Amino acid sequence: MDFTVLSNELVVILGKLAEHIVPSIIIILVFCSLCRIFGEEGVIAKKFLAGADRTTAATMGKVLFVTLRRAIAVVGILTLAGEWGFDLKPMLASLGIVSMALALAAQDMVKNFLGAITILACNIFKIGDKISVAGVTGVVQAIDFRSTQILTDEGNRVYIPNASFSSGNVTIIKTPV
């Protein structure tokens, strides 16, 4: 067995590996930094939401900045895959097809998600307000991605899909001071 041929092949393999390691480390550091900056506890989120109501800021931070953080992570993974020589065209085409299928399958969820963003961004009502919507009257307890939780006068918890707020009338009965 000729060890010089084996050692030369090992040097070539390690050299090719080293060509990708330094750029990969830089890509990982850049995208991890971006995720920290744009995360819900990041500098950008704190500045963007500084003047907002506390409950609105917390919910908007979860909605907007978690989504942004995940998008940055996906772009980082695709960039890293491209650095290692993976052909991104089939991956991007597959990602587009999967996105279309998920969008069609999750239309109601997307409507509710956009309804939550509308409720929070337009400040239609907030946690603690007494509202009447879709035949239900009560105090808003929570606003999340899918629904708004209302505590009725009888003590029942009712979950109303956020999409129904854009298609129906909302009456704010009383806003506590």
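Quick caveat, the model's predicted, so the values are computed rather than measured.

Calculation rules
Residues numbered from 1 in each chain as written. Predicted model: local features only at pLDDT ≥ 70, side-chain atom pairs only at ≥ 80, totals over all residues. Heavy atoms only, no water. Helix = DSSP H or I, 4+ residues; strand = E, 2+ residues; numbered from the N terminus. Buried < 20%, exposed > 50% of the residue type's maximum accessible area, 1.4 Å probe, protein only. Contact = heavy atoms within 4.5 Å. Areas by Shrake-Rupley, 256 points an atom, 1.4 Å probe, with all protein chains shown as cover. 1 Å grid on protein atoms, 1.4 Å probe; cavity = no way out; pocket = protein on both sides within 12 Å on 5 of 7 lines; lining within 4 Å. Points joined across faces, edges and corners; volume = space filled by probe spheres on them. Expected span 1.5 Å × (residues − 1). Arc of directions from axis to C-beta.

Enquirer: Would you mind showing me how to read the overall build of the protein here?
Expert: On a plain count of helices and strands, the protein comes out with six helices and five strands. Overall, the protein shows an N-to-C arrangement of helices and strands of α-α-α-α-α-β-β-β-β-α-β. In the protein, buried positions account for 23% of the 177 residues. Sequence-distant contacts, at least 24 apart, represent 49% of the contacts inside the protein between residues at least 6 apart. Summed over its atoms, the accessible surface of the protein is roughly 11900 Å², and 67% of this surface lies on carbon and sulfur atoms.

Enquirer: Help me understand the layout of surface pockets in this model?
Expert: Unoccupied space between atoms shows up once a probe the size of one water molecule is rolled over them. Empty space within the largest pocket amounts to approximately 260 Å³. Lining the largest pocket we find Ser99, Leu102, Ala103, Ala106, Met109, Val110, Phe113, Leu114, Phe145 and Arg146. The set of elements that each furnish at least two residues to the lining of the largest pocket consists of helix H4 (88–105) and helix H5 (107–122). No other element matches H5, which puts four residues into the lining of the largest pocket.

Enquirer: I keep staring at H5 and nothing clicks. Help me out?
Expert: Since the α-helix packs 3.6 residues into each turn, any two residues three or four apart lie on the same face. With 16 residues, H5 should cover 22 Å at 1.5 Å per step; its first-to-last C-alpha distance of 22 Å lies within 8% of that length. Among the residues of H5, those classed as buried are Asn112, Gly115, Ala116, Ile119 and Leu120. The buried residues of H5 occupy an angular sector of 125 degrees when the element is viewed end-on, so they sit on one face. For H5, the exposed residues set more than 90 degrees away from the buried face come down to Ala121 and Cys122. Looking one or two places after H5, you find Asn123, whose phi comes out positive at around 55 degrees.

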